[in-house]
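Now for the letters of each chain:
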Amino acid sequence: MSSLSATLLGASSALQSFQYALNATQNNIDNASTPGYAKQTVDLLAAPFDPAVGLSGGVSPGPTIDSRDLLTESDVWQQAGAQGDASAQSSSLTAVQNALPIGEGSGIPAALNTFFSDLSAWSAAPTSGSAQQSVLVAAGSLAQSFQTTAAAVATASTSVSHGIGNTVGQINRLTSQIATLNTEIQSSGHGDEGMQAQLYSSLESLSGLVNINVLQQPGGVVSVTLSSGAALVMGNQSYALTAGNAAATTQSIDPLAPPDIDIQAADGSVVNSQITSGTLAGLLQVRNVVIPSLIGDASQPGALNQLASGLANDVNAIVSQGSVSPGAGPSFLGLFSTPDPTHPTAAAATMAVDPNMTASQLPPVDQNGVANGVPLALAALANSAPAELGSVGYTTFYGNAAALVGSQLNQAQSNQTMTAQTLAQAQSMRQTESGVSLDAEAINVLQFQAGYQAVAKMVSILDTITQSLIDMIPN
């Protein structure tokens, strides 16, 4: 009877084991589409078999094994960061490119073409009032084109700045959520697949916004930092990032220049250099590098301002030395308002025709007494290559600046396509390693059910034998 009892106990343990495994399989099936969920398997252990001492063997439930692989998770996070970076640059660079018309019939190139064309017409009729008026109107249109273009780039800059603020807000909400999940996981005292799924889904979302390092701690909680160690989550505590204007420096070329955006960690340190991928990195690249190359910052005037001030100064240098008639003294008036040398980042935004200049005051006679010397010299600027612009012409200088933005946009769009593919591959690899396969789980269900039914049948037979033995005992 003792061996029979031991067999019954072994069968009972086997039933519990198969039921435990079935429950894990059912949980996998229920969460097959849950973001961040990793399949769970039950390790069934062989029970000792030694009839001499009453050990009848069988099977007993072992620990539940989490199939999550941190290496594949890390690969997904890396690719999500690259995708976030490329997507953010593609979107924001599109807005910047749209602010820089390059067609012959629009923007600064068209205004430059009209301006130099009208100067050529004036050189053929230097005393013509209508020709002088056309030059004045063309100069006004050119100045307006600079203002419009600078304003459009500034608007794009504002939009990107708002995007940075929104992204930092999303990062802080996710790190707070991760800290809360850490607390719940720690207090649960055991592996909770649902909370783990939420945790790793949040980590993947966070990795698309900013590059992260994740260190798994005992009990399933995680610590999260930026690449060089700035803390984002430590246990149940999250550490918020903040976005703000960079502080002015004594080395600034323009105290009124548009400031760059700095990201600060919770301890107040600037962590821009630690942000190397994700949406935040892409937005910072456009806001702090691309846009200042056009409209300037504390360290550079920007291409649009270089072009505006260079053109205005070159034109004014010729016009101010001209005379309205032979023998008359120089006018000392410029065609454009003189750019403010103390505020070089405003040259394009403030470019305008000198309010004191009228059509009748446009001086056609140059210093040598040539009747149309001034319009000829001005028209010749169209084919000049000023040293202050890198020895290229005005239209070429503008075209190069716009083309650089276009090249960066093309690269970002190419990266966006490539990183979408690599992210999909990383996610597919993770799915292979730790995702739920409904086909595989269906096979497990059949196997565990068959095992359960077999043990149940054996228990039924043992029950019948036991009852028969009991009936054979005399009353």
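The written sequence of each chain sets the order in which its residues are numbered from 1. Given that this is a predicted model, residues contribute local features only at a pLDDT of at least 70 and side-chain atom pairs are listed and counted only at 80 or more, while totals for whole chains, interfaces and linings are drawn from all residues. Each side-chain value is derived from all of the structure's non-hydrogen atoms; neither hydrogens nor water enter the calculation.

Some points on the overall build of the protein
Reasoning step 1: In this text, helices come from DSSP runs of H or I with a minimum length of four residues, and strands from runs of E with a minimum of two, each type numbered from the N-terminal end. The helix and strand tally for the protein stands at 11 helices and 10 strands.
Reasoning step 2: Looking at the protein as a whole, 43% of its 475 residues qualify as buried.
Reasoning step 3: Calculation of accessible area relied on Shrake-Rupley with a 1.4 Å probe; when residues are assessed, cover is drawn exclusively from the protein chains displayed. Entry remark: accessible area of the protein is about 22,400 Å², with carbon and sulfur atoms responsible for 55%. Accessible area is worked out with a 1.4 Å probe on protein chains only. A residue is then buried under 20% of its type maximum, exposed over 50%, and partly exposed in between.

With respect to helix 8 (residues 303-319)
Reasoning step 1: Helix span is expected to be 1.5 Å times the residue number reduced by one. With 17 residues, helix 8 should reach 24 Å at 1.5 Å per residue; the first-to-last C-alpha distance of 24 Å fits that figure.
Reasoning step 2: Among the 17 residues in helix 8, 12 count as buried, and that is most of the element.
Reasoning step 3: Those residues of helix 8 that fall on the buried side of the exposure criterion are A303, L304, N305, L307, A308, S309, G310, L311, A312, V315, N316 and V319.

What to know about the confidence of the model for the protein
Reasoning step 1: One confidence number per residue, pLDDT, is output by the predictor and ranges from 0 to 100. Taken over all residues, the pLDDT of the protein has a mean of 86, while the share at 70 or more is 77%.
Reasoning step 2: Element-level pLDDT for the protein is lowest in helix 1 (residues 2-30), with a mean of 59, against a maximum mean of 98 in helix 6 (residues 279-290).

Quick notes on the pairing of strand 6 (residues 222-225)
Reasoning step 1: Burial along strand 6 is two-sided: V222 and V224 facing one way and S223 and T225 facing the other are all buried.
Reasoning step 2: At least two DSSP bridges between two strands are needed for those strands to be called paired. As paired strands, strand 5 (residues 213-216) and strand 6 are joined by 4 bridges and run antiparallel to one another. If you follow L215 over to strand 6, its bridge partner there is S223.
Reasoning step 3: Following strand 5, the chain reverses through 5 residues before pairing antiparallel with strand 6; G219 in that reversal takes a positive phi of roughly 90 degrees.
Reasoning step 4: The pairing of strand 6 with strand 7 (residues 231-234) spans 2 bridges and is classified as antiparallel.

Focus: unusual backbone geometry
Note: most peptide bonds trans; most residues except glycine with negative phi.
Reasoning step 1: With a phi close to 60 degrees, F332 is a non-glycine residue in the positive phi region.
Reasoning step 2: Residue classification places F332 among the exposed positions, given a relative accessible area of 60%.
Reasoning step 3: Not every positive phi belongs to a glycine, and S391 is a case in point at roughly 60 degrees.
Reasoning step 4: Summarising the element assignment, S391 is placed in the loop between helix 9 (373-380) and helix 10 (394-434).

With respect to the sheet that holds strand 8 (residues 237-238)
Reasoning step 1: Ordered by their spatial adjacency, 4 strands build an open sheet running 5-6-7-8, and the pairing between neighbours is antiparallel. For this open sheet the edge positions go to strand 5 and strand 8, each flanked by a neighbour on one side alone.
Reasoning step 2: Pairing geometry for strand 7 and strand 8, over 2 bridges, is antiparallel. Paired with V233 across the bridge in strand 8 is S238.
Reasoning step 3: Any two residues whose heavy atoms approach within 4.5 Å at even a single point are treated as in contact. To define axes, lines are fitted to C-alpha atoms, for helices over the stretch in contact only, and angles between the resulting N-to-C directions are given on a 0 to 180 degree scale. Of the strands in this sheet, strand 5 and strand 6 touch helix 5 (residues 193-209), which is tilted by about 5 degrees from strand 6.

Comments concerning the packing of helix 3 (residues 107-124) against helix 4 (residues 129-188)
Reasoning step 1: Remark: helix 3 packs on helix 4, axes separated minimally by 9 Å, with the N-to-C direction vectors making an angle of 165 degrees. Comparing their axes, helix 4 and helix 3 come out roughly antiparallel. Remark: the crossing between helix 3 and helix 4 carries left-handed chirality. Residue-level contacts link G107, I108, A111, L112, T114, F115, D118, L119 and W122 of helix 3 to A131, Q132, S134, V135, A138, A139, S141, L142, S145, F146 and T149 of helix 4.
Reasoning step 2: Under this grouping Gly is polar, as are all residues other than the nonpolar Ala, Val, Leu, Ile, Met, Phe, Trp, Tyr, Cys and Pro and the charged Asp, Glu, Lys and Arg. In terms of residue class, the contact of helix 3 with helix 4 is built from 12 nonpolar, 7 polar and 1 charged. Just so you know how the angles are binned, under 35 degrees is roughly parallel, over 145 roughly antiparallel, 65 to 115 roughly perpendicular, and the rest oblique. Each helix crossing is assigned a hand: it is left-handed if the near helix lies turned anticlockwise from the far helix by less than a right angle, otherwise right-handed if that turn is clockwise.

With respect to the pattern of salt bridges
Reasoning step 1: A pairing counts as a salt bridge when a side-chain nitrogen of Lys or Arg comes within 4 Å of a carboxyl oxygen of Asp or Glu. Using the criterion set out here, one finds 2 salt bridges in the structure.
Reasoning step 2: In this structure, the salt-bridge partner of R430 is E204, at a minimum N-O distance of 2.9 Å. In this pair, R430 sits in helix 10 while E204 sits in helix 5, placing the two residues 226 residues apart along the sequence. Per residue, the accessibility class of R430 equals that of E204, and both read buried.
Reasoning step 3: Among the charged side chains, a salt-bridge network with shared partners connects E73, E204 and R430.

Remarks on the pairing of strand 7
Reasoning step 1: Here strand 6 folds back onto strand 7 in antiparallel fashion, the turn holding 5 residues, of which G229 has a positive phi close to 105 degrees.
Reasoning step 2: Hairpin remark: strand 7 followed by strand 8, antiparallel, with 2 residues in the connecting loop; positive phi at G235, about 60 degrees.

Side note on the nonpolar core
Reasoning step 1: Grouping buried Ala, Val, Leu, Ile, Met, Phe, Trp, Tyr and Cys residues that are joined through side-chain atoms within 4.5 Å yields what is termed a nonpolar core. Of all hydrophobic cores here, the largest spans 93 residues; its most connected members are F115, I263, L335 and F336.
Reasoning step 2: For this core, the leading source of residues is helix 4, giving 20 residues.
Reasoning step 3: Among all residues touching I263, those that are not within four sequence positions of it are I164, V168, L241, T242, A243, S269, V270, V271, N272, I275, L280 and L284.

Quick word on the packing of aromatic side chains
Reasoning step 1: Note on aromatic pairs: the rings of Phe, Tyr and Trp (six-membered ring only in Trp) are paired at centre separations within 6.5 Å, and the planes decide the class, stacked below 30 degrees, edge-to-face beyond 60, tilted for the rest. Applying the stated criterion to the full structure yields 4 aromatic pairs.
Reasoning step 2: Judged by centre distance (6.3 Å) and plane angle (10 degrees), the ring pair of W77 and Y200 falls under stacked. Remark: Y200 occurs in helix 5 and W77 occurs in helix 2 (residues 70-98); sequence separation between them is 123 residues.
Reasoning step 3: The exposure class of W77 is buried, given its relative accessible area of 7%.
Reasoning step 4: In this structure Y200 comes out as buried when scored by relative accessible area, which is 2%.
Reasoning step 5: The interplanar angle of 25 degrees and the centroid separation of 6.2 Å between the aromatic rings of F116 and Y394 together place this pair among those described as stacked. Here F116, found in helix 3, pairs with Y394, found in helix 10; they are 278 residues apart in sequence, far enough to count as distant.
Reasoning step 6: Owing to a relative accessible area of 8%, F116 belongs among the buried residues under this scheme.
Reasoning step 7: By relative accessible area, which is 2% here, Y394 ends up buried.
Reasoning step 8: By the ring-pair criterion, three or more aromatic residues cluster together here, those being F115, F116, F336 and Y394.

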